[in-house]
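The residues making up each chain are set out below.
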Amino acid sequence: MRIIHWFRRDLRLEDNAALLAAARDAEGEVLPVFVLDDALLRGKDVAPARVQFMLESLAELDARLRQLGSRLILMRGEPSEALLQLARAAGADAVYFNRDYTPLARARDQRVQQKLQAAGVRVRTFKDLVIFEGDELLSASGQPYTVFTPFKKAWLHRIAAAPPQLQGKPKLAPLPQLAVNTVALPTASALGFNIDQSLPRGGETEAWRLLTHFKQSGAMRAYALQRDFPAIEGTSRLSPHLRFGTISPRQCYAEAVATLSYPFPAPRSFSPAASDAKKEGADAWISELIWREFYIYILYHFPHADRANFNRAFDAMAWGSGDPELDEMRFRAWCEGRTGYPIVDAAMRQLNQTGWMHNRTRMIVASFLVKDLWLDWRLGERYFMQKLVDGDPASNNGGWQWAASTGTDAQPYFRIFNPTLQSERFDPDGAFIRRWVPELARVPNEYVHAPHRMPPSLQREVGCVIGKDYPAPIVDHNVQKEEILRRFKRCQGAG
Ligand SMILES: Cc1cc2nc3c(=O)[nH]c(=O)nc-3n(C[C@H](O)[C@H](O)[C@H](O)COP(=O)(O)OP(=O)(O)OC[C@H]3O[C@@H](n4cnc5c(N)ncnc54)[C@H](O)[C@@H]3O)c2cc1C
């Protein structure tokens, strides 16, 4: 028996549910394939950053497969056609793959499944992208959770009762000669992408280097204390790896639990309200892994949230200033990091230059776009998808709808981040700002969060004249805030 393993968001050999099942069932006669899908490569949300990260991860995957005596078959085209062609050429009986849960992915996978099954090729799918999928965690009344805390509680109970078992590498046989149209691994530029960002490296090796560093440097232990400060390397940087599956959530969870010094699996008493810092750090980090699963779960159960407000009461929201040109100008200033709010500008420049942004600043810039510039969260969501190396439809949508107050368990609409206060609190000495906004390098701490307040003589002295070297704020937070509050209240009244 021969089985095709279709790689998608699982670009690793270790602890890969579908790949291991394929290797077991076919006694090693596995055809590992990745299909470069033009529908995705030309999609409106494609990011050069993610293409580059994916290509690097595929190169390593191929090298690792070769170490096991196999190799990666790379095809280009529509997945069902490519898989059918491969199945026929290799005489494969079945295609195995790991499930994905976004509305787009589910529709595609259903089409692929129908086409393959109609041609007599069996399809089996597996849980791998998450530890618990949509239907495994439901409330006592059988409904999906829409609030994070009870979801997390159910998740932690379930994991104590049914701990995930980590699996190793598969045993694979050499590939047969195949008469199919394969392609060599292209570069991003050959695919038409211009990489102008300095991006994190892809691949399984890098994922493990990051996780090991996160633990050994003490950052995991100190996570609860450090995670909110963008100038500090206080988070794992694993998001693109979890996005592309160069590491599994089970592996991350197991490493965190090991840090808690618990025996794996965690006991029932496993409590997020731990007292010592070491425990709090890993507990808080596990919470973030659960947020990731929560947003995947929400999009699975409530697919309308992919394009629309999760909370339909806000469908009546009037976005914008009423002047499309002004809105466009403000949006471009936000994208390019020229709003005159240093924390917003630093974060947007970090995104543009590196494809990654810290969680705290993601919340700040998202809130600013929606509540200070009055722009529809979907504009920011799309811009993030086009730039982020970890751009993930579920987490990105969840994060944006949280910040916009339109989501499930979101920030209440009347809690509006003041960007200057956020900046003073989370970048107290302006180190993050100065790193990404060099115009402000010589601005004293006292003014670094609001440089337009500098007296003109000081502006000249430090070489940062407002309006010339660095913009004046494009809006007044206090004025903007009042108007957006009125609009939110009107929607609530209407809903
Ligand atoms: C507006 C907005 C948009 C976002 N877009 C994305 C996105 O497209 N892709 C993405 O992976 N994350 C997104 N996030 C969540 C979060 O900002 C990133 O996951 C995190 O900054 C990644 O850094 P890290 O790997 O160092 O995280 P760590 O702090 O080390 O956390 C570990 C892992 O947990 C997950 N995680 C952490 N925080 C969150 C969160 N709030 N929601 C969901 N998962 C989380 C990530 O997989 C992360 O790698 C978004 C958040 C906001 C507010």
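Every value quoted in this text rests on a predicted model; they were computed, and no experiment measured them. (Residues numbered from 1 in each chain as written. Predicted model: local features only at pLDDT ≥ 70, side-chain atom pairs only at ≥ 80, totals over all residues. Heavy atoms only, no water.)

So, the overall build of the protein chain
Then step 1. Each helix and strand counted, the protein chain has 21 helices and five strands in total.
Then step 2. Against the 2.2 N^0.38 benchmark of 23 Å for 495 residues, the protein chain shows a C-alpha radius of gyration of 24 Å, consistent with a compact globule.
Then step 3. For the protein chain, the C-alpha atoms occupy an extent of roughly 80 × 55 × 50 Å along the three principal directions.
Then step 4. Relative to its 495 residues, the protein chain shows a buried fraction of 57%.
Then step 5. Pairs at least 24 apart in sequence give 77% of the contacts found in the protein chain among residues at least 6 apart.
Then step 6. Side-chain charges of the protein chain comprise 63 positive and 56 negative groups, with the mean position of each set lying 2 Å from the other. (Helix = DSSP H or I, 4+ residues; strand = E, 2+ residues; numbered from the N terminus. Rg over C-alpha atoms; globule rule 2.2 N^0.38 Å. Buried < 20%, exposed > 50% of the residue type's maximum accessible area, 1.4 Å probe, protein only. Contact = heavy atoms within 4.5 Å. Lys, Arg positive; Asp, Glu negative; His and termini not counted. Charge placed at Lys NZ, Arg CZ, Asp CG, Glu CD.)

Concerning the sheet that holds strand 2 (residues 30-36)
Then step 1. Ordered by their spatial adjacency, five strands build an open sheet running 3-2-1-4-5, and the pairing between neighbours is parallel. Across the chains shown, the open sheet's two edge strands, defined by having one partner strand only, are strand 3 (73-76) and strand 5 (122-126). Adjacent strand axes in the sheet meet at a mean angle of 30 degrees, parallel and antiparallel pairs treated alike.
Then step 2. Pairing geometry for strand 1 (residues 3-7) and strand 2, over five bridges, is parallel. Paired with H5 across the bridge in strand 2 is P32.
Then step 3. Helix 3 (residues 48-67) contacts strand 1, strand 2 and strand 3 of the sheet and is inclined by roughly 165 degrees relative to strand 2. (Pairing = 2+ DSSP bridges. Axes fitted to C-alpha atoms, helices over the stretch in contact; angles between N-to-C directions.)

As for unusual backbone geometry
Then step 1. A positive phi is found at E27, a non-glycine position, where the angle reads about 50 degrees.
Then step 2. Exposure remark for E27: the relative accessible area of 72% places this residue in the exposed category.
Then step 3. The phi angle at D409 is positive, at roughly 50 degrees, despite the residue not being glycine.
Then step 4. One can find D409 in the loop between helix 16 (393-404) and helix 17 (419-426).

Some thoughts on the packing of helix 4 (residues 79-90) against helix 5 (residues 103-118)
Then step 1. At a closest axis distance of 9 Å, the pairing of helix 4 and helix 5 adopts a crossing angle of 30 degrees. Of the two elements, helix 4 crosses helix 5, and the hand of that crossing is right-handed. Touching P79, S80, E81, L83 and L84 of helix 4 are R108, V112, K115 and L116, all from helix 5. (Left-handed = near helix turned anticlockwise from the far one by under 90°.)

A closer look at the packing of helix 13 (residues 342-354) against helix 14 (residues 359-372)
Then step 1. Helix 14 packs onto helix 13 with a crossing angle of 115 degrees between their chain directions and a minimal axis gap of 9 Å. Here helix 13 lies roughly perpendicular to helix 14, going by the angle between them. Handedness of the helix 13/helix 14 crossing: left-handed. Of the residues in helix 14, those in contact with I343, V344, A347 and M348 of helix 13 are T361, I364, V365 and F368.
Then step 2. Taken together, the residues of the contact of helix 13 with helix 14 break down into seven nonpolar, one polar and no charged. (Parallel < 35°, antiparallel > 145°, perpendicular 65-115°, else oblique. Nonpolar A, V, L, I, M, F, W, Y, C, P; charged D, E, K, R; others polar.)

Thoughts on the domain arrangement of the protein chain
Think of interface size as the accessible area that goes away when the parts come together; that is how it is often given.
Then step 1. Taken as a whole, the protein chain is organised into domain 1 (3-128), domain 2 (204-301) and domain 3 (312-494).
Then step 2. Centre-to-centre separation of domain 2 and domain 3, based on C-alpha positions: 27 Å.
Then step 3. The interface is formed by 18 residues belonging to domain 2 together with 27 residues belonging to domain 3.
Then step 4. Both faces combined, the contact of domain 2 with domain 3 buries some 1800 Å², and carbon together with sulfur accounts for 62% of it.
Then step 5. Among the residues domain 2 hides against domain 3, the three largest losses belong to D228, P230 and Y295. Together they make up 34% of the total.
Then step 6. In this structure, the salt-bridge partner of D228 is R360, at a minimum N-O distance of 3.1 Å.
Then step 7. Counting the contacts that link domain 2 with domain 3 gives six residue pairs in polar contact (both at pLDDT 80 or more).
Then step 8. When residues of the side of domain 2 that touches domain 3 are traced back to their parent elements, those giving at least two are helix 9 (239-244) and helix 11 (277-301). (Domains from an automatic or database assignment. Buried area = accessible area lost by both parts, 1.4 Å probe. Salt bridge = Lys/Arg side-chain N within 4 Å of Asp/Glu carboxyl O. Polar contact = N/O pair within 3.5 Å; in protein donor to acceptor, adjacent residues only side chain to side chain.)

Side note on the site of the ligand
Then step 1. What surrounds the ligand is a group of 28 residues, the closest being Y223, T235, S236, R237 and N359.
Then step 2. S239 is positioned with one of its backbone polar atoms (N or O) 2.9 Å from an oxygen atom of the ligand.
Then step 3. Here the ligand, which alone exposes 820 Å², has 96% of that area covered by the protein.
Then step 4. Elements supplying a minimum of two residues to the shell around the ligand: helix 9, helix 11, helix 14 and helix 16.
Then step 5. Among the elements that make up the shell around the ligand, the one with the highest residue count is helix 11 (six residues).
Then step 6. Within the shell around the ligand, the residues separate by chemical class into 14 nonpolar, eight polar and six charged.
Then step 7. Each of domain 2 (204-301) and domain 3 (312-494) gives at least three residues to the shell around the ligand. (Near = heavy atom within 4 Å. Areas by Shrake-Rupley, 256 points an atom, 1.4 Å probe, with all protein chains shown as cover.)

Describing helix 17
Then step 1. Every buried residue belonging to helix 17 is among P419, T420, Q422, S423 and F426, and all of these are buried. Projected onto a plane normal to the axis of helix 17, the buried residues spread over an arc of 160 degrees and lie on a single side. Away from the buried face of helix 17 by more than 90 degrees, exposed residues L421 and R425 are located.
Then step 2. Among the residues of helix 17, the N-terminal cap falls to N418, whose side-chain oxygen and the backbone nitrogen of T420 are separated by 2.9 Å. (Arc of directions from axis to C-beta.)

Here's the deal with the nonpolar core
Then step 1. In this structure, W155, W285 and W334 are the most contacted members of the largest nonpolar core, which totals 90 residues.
Then step 2. Of all the elements, helix 11 adds the most residues to this core, at 13 residues.
Then step 3. For this core, the domains that each give at least three residues are domain 2 (204-301) and domain 3 (312-494).
Then step 4. With residues near it in sequence (within four places) discarded, W285 still touches L211, F214, M220, Y223, S236, L238, C252 and A256. (Core = buried A, V, L, I, M, F, W, Y, C linked by side-chain atoms within 4.5 Å.)

Remarks on the environment of K481
Then step 1. Along the chain, K481 turns up in helix 21 (residues 477-494).
Then step 2. Remark: the alpha-carbon pair of K481 and L373, spanning 108 residues in sequence, is separated by 9.2 Å.
Then step 3. When near neighbours in sequence (up to four residues on either side) are disregarded, K481 contacts K371 and I416.

A few points about the environment of L289
Then step 1. Take L289: it is sitting in helix 11.
Then step 2. On the basis of relative accessible area, L289 is assigned to the buried category, the value being 8%.
Then step 3. When the C-alpha positions of L289 and M329 are compared, they lie 37 Å apart, and in sequence the two are 40 residues distant.
Then step 4. If near-sequence neighbours (up to four positions away) are discounted, L289 is found in contact with L242, C252 and Y253.

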